[in-house]
Structures are given as structure tokens and as C-alpha cells.
Amino acid sequence: MNRDNKGNNEISNGHPLRILTPVVAALAMCFCLALCAAPSVAQTSAEWERLSAEKSLGNPNAPIKMIVYDDYECPVCDELYEQTLRPLINDYVASGKVYLVHRDFPLPMHLYSRQAARWVNAAARIGKFEAVERAIFDNQMAWSEYGTENPKGIIKPFVQAALTPAEFKRVERLMQGCEGNSQSQIKGCVVDEAIQRDFAQGELLPVRGTPTIVISAHGQQYPPMQGAISWPILRQFFDQLLNQK
Amino acid sequence: MTSSSRWSAGRVLLLLGRLTLAVVFLAAAYGKLRPQNAVPWTLASLKITPASLGLSMTFFAMQVDSYQLLPPRMVSPFAHALPWIELGLGILLLTGFALRYVSLASALLLALFYGVVIRSYALHLAINCGCFGPNEKLDSWTLVRDGCLFALGVAVTIGAFVVHRRNRVAVAA
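Overview of the structure. For every chain, the first residue of the written sequence is number 1, and numbering continues from 1 onward in sequence order. Chains carry letters from A onward and ligands carry numbers from 1 onward, assigned in written order. Selection of residues for local features in this predicted model requires a pLDDT of at least 70, selection of side-chain atom pairs for listing and counting requires 80 or more, and totals for whole chains, interfaces and linings are taken over all residues.

### Section: the overall build of chain A
Heads up, the condition is: Here a strand is any run of E in DSSP of at least two residues, a helix any run of H or I of at least four, and the numbering for each starts at the N terminus. Buried residues are those with 20 or more other C-beta atoms within 10 Å of their own C-beta, exposed residues have 12 or fewer, and partly exposed residues lie in between; C-beta atoms are placed from the backbone. Throughout, a residue-residue contact means that the two C-beta atoms, derived from backbone geometry, are no farther apart than 7 Å.
The helix and strand tally for chain A stands at 11 helices and six strands. Residue burial in chain A is summarised as follows: out of 245 residues, 38% are buried. For chain A, the proportion of contacts with a sequence separation of at least 24, taken over those separated by at least 6, is 73%.

### Quick notes on the nonpolar core
All names here are of chain A. Heads up, the condition is: Buried Ala, Val, Leu, Ile, Met, Phe, Trp, Tyr and Cys residues form a nonpolar core when they are connected through C-beta atoms within 7 Å.
In this structure, Trp-119, Val-120, Ala-123, Val-132, Ile-136 and Val-159 are the most contacted members of the largest nonpolar core, which totals 93 residues. The element best represented in this core is helix 3 (residues 75-93), accounting for eight residues. In this structure Val-120 touches Tyr-72, Phe-129, Val-132, Glu-133 and Ile-136, once residues within four positions along its chain are discounted.

### Some words on the pairing of strand 3 (residues 98-104) of chain A
In plain terms, the rule: By definition, the crossover connecting two strands over a helix is right-handed if that path, from the first strand to the second, turns clockwise as seen with the strands pointing away from the viewer.
Buried residues dominate strand 3 of chain A, accounting for five of its seven residues. After leaving strand 2 (residues 64-70) of chain A, the chain enters helix 3 of chain A and then returns to the sheet as strand 3 of chain A, a path that is right-handed.

### Thoughts on the interface of chain B and chain A
This is how the line gets drawn: Three classes are used: nonpolar for Ala, Val, Leu, Ile, Met, Phe, Trp, Tyr, Cys and Pro, charged for Asp, Glu, Lys and Arg, and polar for all others, with Gly counted as polar.
In this assembly, 24 residues from chain B lie in contact with 20 residues from chain A. Where the side of chain B that touches chain A is concerned, the elements lending two or more residues are helix 2 (50-66) and helix 3 (72-95) of chain B. Top contributing element to the side of chain B that touches chain A by residue count: helix 2 of chain B, with nine residues. A breakdown of the residues in the side of chain B that touches chain A according to their chemical character gives 12 nonpolar, 10 polar and two charged.

### With respect to unusual backbone geometry
A cis geometry characterises the amide bond from Leu-205 of chain A onward to Pro-206 of chain A, with omega recorded as 5 degrees. Residue Ala-98 of chain B is not a glycine yet carries a positive backbone phi of 45 degrees. Among the secondary structure elements, Ala-98 of chain B is positioned in the loop between helix 3 and helix 4 (99-122). With 12 C-beta atoms packed within 10 Å, Ala-98 of chain B lands in the exposed category.

### What about helix 3 of chain A?
Residues and elements named next belong to chain A. Heads up, the condition is: Multiply 1.5 Å by the residue count of a helix minus one, and that product is the helix's expected span. Consider a residue and the seven residues that end there alongside the seven that start there; fitting an axis to each set, the bend is the angle between those axes.
Taking 1.5 Å per residue as the helical rise, helix 3 with its 19 residues ought to reach 27 Å, whereas the 23 Å between its terminal C-alpha atoms falls clearly short. Of all the bends in helix 3, the greatest reaches close to 40 degrees and is centred on Leu-85; the proline Pro-87 follows between one and four positions later. All of the buried residues along helix 3 are Val-76, Cys-77, Asp-78, Leu-80, Tyr-81, Thr-84, Leu-85, Leu-88, Tyr-92 and Val-93. Lining the buried residues of helix 3 we find strand 1 (56-57), strand 2, strand 3, helix 5 (129-138), helix 6 (140-143) and helix 11 (231-243).

### Comments concerning the pairing of strand 2 of chain A
All names here are of chain A. Counted only if it meets this: DSSP calls a pair of strands paired once it identifies at least 2 bridges connecting them.
Taking burial as the measure, the seven residues of strand 2 include five buried ones, the bulk of the element. Pairing between strand 2 and strand 3: seven bridges, direction parallel. From the neighbouring strand, Tyr-69 faces strand 3, where its bridge partner is Arg-103. Here strand 2 runs beside strand 4 (residues 212-217); their pairing, made up of six bridges, is antiparallel. Note on strand 4: the bridge partner recorded for Ile-67 is Val-214.

### Description of the packing of helix 1 (residues 3-33) of chain B against helix 5 (residues 140-172) of chain B
All names here are of chain B. As a reminder of what qualifies: Each axis is a line fitted through C-alpha atoms, taken for helices only over the stretch in contact, and angles between the N-to-C directions span 0 to 180 degrees. Throughout this description, any angle smaller than 35 degrees is read as roughly parallel, any larger than 145 degrees as roughly antiparallel, any in the 65 to 115 degree range as roughly perpendicular, and the remainder as oblique. Each crossing gets its handedness from the near helix: less than a right angle anticlockwise from the far helix is left-handed, clockwise is right-handed.
The contact between helix 1 and helix 5 brings their axes to 9 Å, and the two run at 135 degrees. Viewed along their axes, helix 1 and helix 5 adopt a mutual orientation that is oblique. Crossing of helix 1 over helix 5 shows left-handed handedness. Between helix 1, through Gly-10, Arg-11, Leu-14, Gly-17, Arg-18, Thr-20, Leu-21 and Val-24, and helix 5, the contact on the second element is made entirely by Leu-149, Leu-152, Gly-153, Ala-155, Val-156, Gly-159, Ala-160 and Val-163. The residue inventory of the contact of helix 1 with helix 5, partitioned by class, reads nine nonpolar, five polar and two charged.

Structure representation (C-alpha cells):
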């Protein structure tokens, strides 16, 4: 009898079990929450990787991988695309020597670069990255704030011209709610998630300006290279990498 | 301070300036010639080998090219020559051999670097400096540093000529 009473008193006065129970319950709840949250994070990551693959050109198993952090409104990025990346795509990417990965890094100082990146990302979601990226860069002087055309920032017609009507309809649907640059507008736009992730990846490097190129080969990554590099010089470097054992 | 003690202090300053310039040139040459692959940062990855040398110089050629100053056919010869010129100047400055001419050549090279950096900064080129190796952003700090190095180069050159002249006068006397 006394023993029972003693035992009850011990429980009511802070028995280890009484203290542990809420702690264990809280831990279990946290674990459940983490389990519930994990699939959505993984799904987002998988979605980003899938979209990243859509924004890449060439064979993923190519001996050289080149990641380009681009801002669609930056004039040097346009120069790099037209004079270096185009011959690279036609030659070394087409022949399976280089895997070219595009990452978005829209600089806040450029008024329309995020909007351009959204159009390209929306197009990438329907497998039309290459055509729309080309259209955006080819017409940079027409839509960018540095361009001669007025009003500025009108990107839609160039995207429309690069796609079939059915494709454009799909892209336009993905672009619903994607206007402006403010944080609240970013949240309402479905394609912005991927752009933000690209940007975060760039900040980790860190990317300090655009264009920034990161080359890796034979399991080794070379330091980020900023600015435009002409095709003959880049090809020379690639040839040396390819000749390495 | 007497004339002779001022003279000794001047010689010490010249020696320090010359050695500083030597270290700067040697560091710049090593930064360009060492393996450029960023990871992994082990002792082995910092060792220069014949295989890594060609790749390092071609990587440096890309940095030279990003300045958009030279035509592509001139970029590669310039990039392949510059690290060796810096290495040679560094060794000569270290030994003090033909100091007047070597310091003059150093000052001219530093003037060239300073001019190029000013031009790139004025054009808002978002590029790497490539001065002491990869991944070094060209910014206002680069401008200050290169300006100081150029001033040091000029000071060492003037000092070398003054010392040579004084020595000649002393010998003649």
C-alpha cells in the first residue's frame, strides 16, 4: 500500500517517465512533420533537376560539362551566346564532346531579365528551351532596356514567333501570374521557383557577375570564369581537356 | 640624419622595394602556372607538372581573352609568354642583376597592367583579374593594388638609377 503510494507520488512529482513522455511526443511530432515535408522538398528538387536537364544541351555523359550562368538582358551574355555558345552548340555539343548547362542568374539591376528568364523557363517546361533562348538573345536589342525599340520590355512577340501556336498557348498558360519583379509577384509565378534555385546555386559558387562559366572535366572543376570568351580560345582549352588522359 | 645615414636608409628601402617586387612577380607567375582546377585543394593539386602546365596557360589565355583587348590570334601567344616574363623578372629582381634595366622593365609591365585594369574598370567589365591566379574579381581594390605596385615599380627604378649614379661618382672620386 505504502509502496503504491510512494510510486504514485514519484510519478506526480516528476517521475522520469512523466518528463520523457511529452519530449518523446514532441520528437515524434517533429519526425512526422519532417516526414510529411520531405517528399515535397524532394519533389521540388527533382522538378528543378528535370527542368535543369531541359535547359541543357548535348549528351549528359559528355567528357566536358560547361555551366553558364546567364542574364538575358546583359549585353556580354548576348555576345557570349552569339559568338561563342552558338559555334560551341553546333560543333562540340552536337558531337557529344560538351554538355552545356544553362542556369539563370537575372541581375536585379536589369529591368526585364527576370521576365525573359521566365519565358525561357516556361518554354523549357514544354521542351522548347533552345528555340526560345535563341529568340530571346537574337532580339535582345529589340526588347532590352538598352535597345532602340519602344516600348521596352516587350518579349512576348519574340517568344510567340519562335513557337507554334499550340506551343505558345501552353507557354502562355505557364506564364500566368508572372509579371513584375517584386517578391510577392515572384511567389505567384510557377516558373520562378526554378530561377530562384538557379540563382541560389550561383550564389554558392559565388557568381559575381554575368556571364559566368564553370567548366568541369575528368572529375575536376575549374574556377568560375567571368566575362565573354571567344570561341577559338575556348575551343583550345576544350581540345587540351579532351586530349588529357 | 647625416647624408651617409640617409644614403644607407635609401639603399635599404631600395632593397626592400626590389624584394617586394620580386615576390609579387614570382607569386603572379606561380598563380598562372600552377594547376587551375579548384577542387580538391591538396598539396598535390598545387604542384606544377608538365601535363598541368599547358592546361594552366590555356586557362589563363581565357582570362586574357575576357579583357576583350587582344584579337584571338594574339591572346594565346601573350598568355603563354606573360607568366614566364613575370618569372624571369621575379628571379632577376631577387638577384639584383642589371637592376636598372630590370626595374625599368618591371615598371613598364606594371604600367601596362595598371592601364588595362583602369580601362576594364571604366568599361564595367565584370571579369576576373587573373593577376595572381583564377577566381579573383577585378574591382576597385584591384585598381588600388595595381596603382600601388606601379608606384613601387617607379620608385625602385628611380632608386636603382640614383644608386648606380652615386656609385659611379664614388668610384670616379
